[in-house]
Amino acid sequence: MAAARPPLRPSFAIGTVKVRTGTRREVSLPITRLVTGAEVSLPVHVLHGREDGPTVWLDAAIHGDEVVGIEVIRRVLEQLSAKEIRGTLIAVPIVNVIGVMVGDRYLPDRRDLNRSFPGSARGSLASRIAHLMMTEIVAKCDVGIDLHTASDRRSNLPQIRCDLEDPRTRALAEAFGAPVIYHARLRDGSLRSAARERGARVLLYEAGEAWRFDEWAITAGVDGVLRVLHSLGMTDAPPPASQPPRPSEICWRSGWVRARRTGILSMAVSLGQHVTVGERLGELHNSFGRRLAIVKADRDGIVIGRAEAPLVNSGDAIVHIASTDPGPPGTPDEGLQDPDDYADMDGQVPLDDQPGRPTD
């Protein structure tokens, strides 16, 4: 006598749509209307597996200039089938739809969407988008992966930012396999903070430069996402090429080395390079070619971010070094990760030097 088939999972409800088991649906969740009357909507992909498993979301482009994650999500979805995965995967490739449309990091009112969570159904445009994400996506998920890049003409080494003091989150971060895992405390108004209050574990992936499809950042992101899905039991096995070359380096503190003079920067270090105190990172010259200053490392560690613009002003952040010294759990970080960590600053980083500022 043939074994009885397990009962079908119920359909997955999102917006006004119900996604049947073993199927993939593209759903548009209404956000607002343009002055022309055209509707702006949040694009969502839902893969609802036939077997039980966790519900996971992926999102990208919360900041309108961060496009690496859009391509990461496209490539991840290309490798998955709703007939084969266990659980449910929700992917939102572009959260800040208007920002991407007009080529701006922020929304038209200059609000930072990643400082607007959990949002409100009757608040500002940023608040309404945040509320939509929270009610239709985050509230239905166990785990999320929030995809970002550096901003303001900078690039970031592929890295996971998360709460290393939470064992489950740390296990997910280690499964991702990025070169660096950085302990970043929760920041009020961020998606990661709002989602954690709802009980979800969130990894924030940082890699690459704004407005660029950096292949190394995309590849590391795709491989990392697939490894996390495998670790959660949603897929049978990650591709062989996605195996991490070595364990991630754990970092508890970081800080920016800043320009002491205004000049033209010649950078001498690359992302992922290990440096020691006093090591030469680059030089500043004036327009006549005269050397003004040698930029030196102020700590031992690994370069996780660097400026890409050759013209710098005195006080500008040049090289971001994360300390690989383990330090005691809960040791506060010494500097911001990027200007996108703070709202309403228009790309400035006035608070990097203040110790103990939370990051996201």
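Details of the structure are given in the entry above.
Residues numbered from 1 in each chain as written. Predicted model: local features only at pLDDT ≥ 70, side-chain atom pairs only at ≥ 80, totals over all residues. Heavy atoms only, no water.

K.L.:
Would you mind showing me how to read the sheet that holds strand β18 (residues 311-312) here?
P.N.:
Strand pairing within a sheet occurs via backbone hydrogen bonds; the two strands may be parallel or antiparallel. An order of β16-β15-β13-β18 is seen for the four strands of this open sheet, with the pairing classed as antiparallel. Only two strands of the sheet have a single neighbouring strand rather than two, namely β16 (291-296) and β18. Pairing of strand β15 (residues 280-285) with β16, which is carried by five bridges, proceeds in the antiparallel orientation. When the sheet's bridge partners are listed, glutamate 283 is paired in β16 with isoleucine 294. (Pairing = 2+ DSSP bridges. Helix = DSSP H or I, 4+ residues; strand = E, 2+ residues; numbered from the N terminus.)

K.L.:
What am I meant to see in the pattern of salt bridges here?
P.N.:
If the charged atoms of two oppositely charged side chains come close together, the side chains can form a pair. For the coordinates displayed, the defined rule picks out 21 salt bridges. Arginine 86 serves as the salt-bridge partner of aspartate 236, at 2.9 Å between the closest nitrogen and oxygen. Highlighted residues: aspartate 236 in the loop between α6 (215-231) and β11 (249-251) and arginine 86 in strand β6 (residues 86-92), separated in sequence by 150 residues. In this structure, glutamate 283 engages arginine 280 in a salt bridge whose closest nitrogen and oxygen atoms are separated by 3.4 Å. (Salt bridge = Lys/Arg side-chain N within 4 Å of Asp/Glu carboxyl O.)

K.L.:
What am I meant to see in unusual backbone geometry here?
P.N.:
The amide bond that connects phenylalanine 117 to the next residue, proline 118, takes the cis arrangement and shows omega of 5°. One can find proline 118 in the loop between α2 (97-102) and α3 (125-136). Its identity as a non-glycine residue notwithstanding, alanine 61 has a phi of 60°, on the positive side. Position of alanine 61 relative to the elements: it lies in the loop between β5 (51-60) and α1 (68-78). Alanine 61 gets classed as buried once you look at its relative accessible area, which sits at 0%. Although it is not a glycine, tryptophan 211 sits at a positive phi angle of roughly 60°. With respect to the element layout, tryptophan 211 can be found in the loop between β10 (201-209) and α6. (Buried < 20%, exposed > 50% of the residue type's maximum accessible area, 1.4 Å probe, protein only.)

K.L.:
It is not clear to me how the nonpolar core should be interpreted in this structure. Could you clarify?
P.N.:
Taken as a class, soluble globular proteins show a tendency for nonpolar side chains to be buried jointly. One finds Leu89 and Phe176 to be the most contacted residues of the largest nonpolar core, which totals 42 residues. For this core, the element with the highest residue contribution is α6, accounting for seven residues. Beyond its immediate chain neighbours, meaning those up to four positions away, phenylalanine 176 contacts Ile145, Ile160, Leu203, Tyr205, Ala220, Gly221, Gly224, Val225, Arg227 and Val228. Counting 35 residues, the second largest nonpolar core, distinct from the first, contains Ile62, Ala130, Met134 and Cys141. (Core = buried A, V, L, I, M, F, W, Y, C linked by side-chain atoms within 4.5 Å. Contact = heavy atoms within 4.5 Å.)

K.L.:
Help me out: how do you make sense of the packing of helix α4 (residues 167-176) against α6 in this one?
P.N.:
Two measures define how a pair of helices packs: the angle their axes make with one another and the distance between the axes. In the contact formed by α4 and α6, the axes pass within 7 Å of each other and the chain directions differ by 130°. Between α4 and α6, the crossing angle belongs to the class labelled oblique. α4 and α6 meet at a crossing whose hand is right-handed. In contact with Leu172, Ala175 and Phe176 of α4, α6 contributes Ala220, Gly221, Gly224, Val225, Arg227, Val228 and Ser231. When grouped by side-chain class, the residues that make up the contact of α4 with α6 number six nonpolar, three polar and one charged. (Axes fitted to C-alpha atoms, helices over the stretch in contact; angles between N-to-C directions. Parallel < 35°, antiparallel > 145°, perpendicular 65-115°, else oblique. Left-handed = near helix turned anticlockwise from the far one by under 90°. Nonpolar A, V, L, I, M, F, W, Y, C, P; charged D, E, K, R; others polar.)

Any functional reading would require information that these geometric values do not contain.
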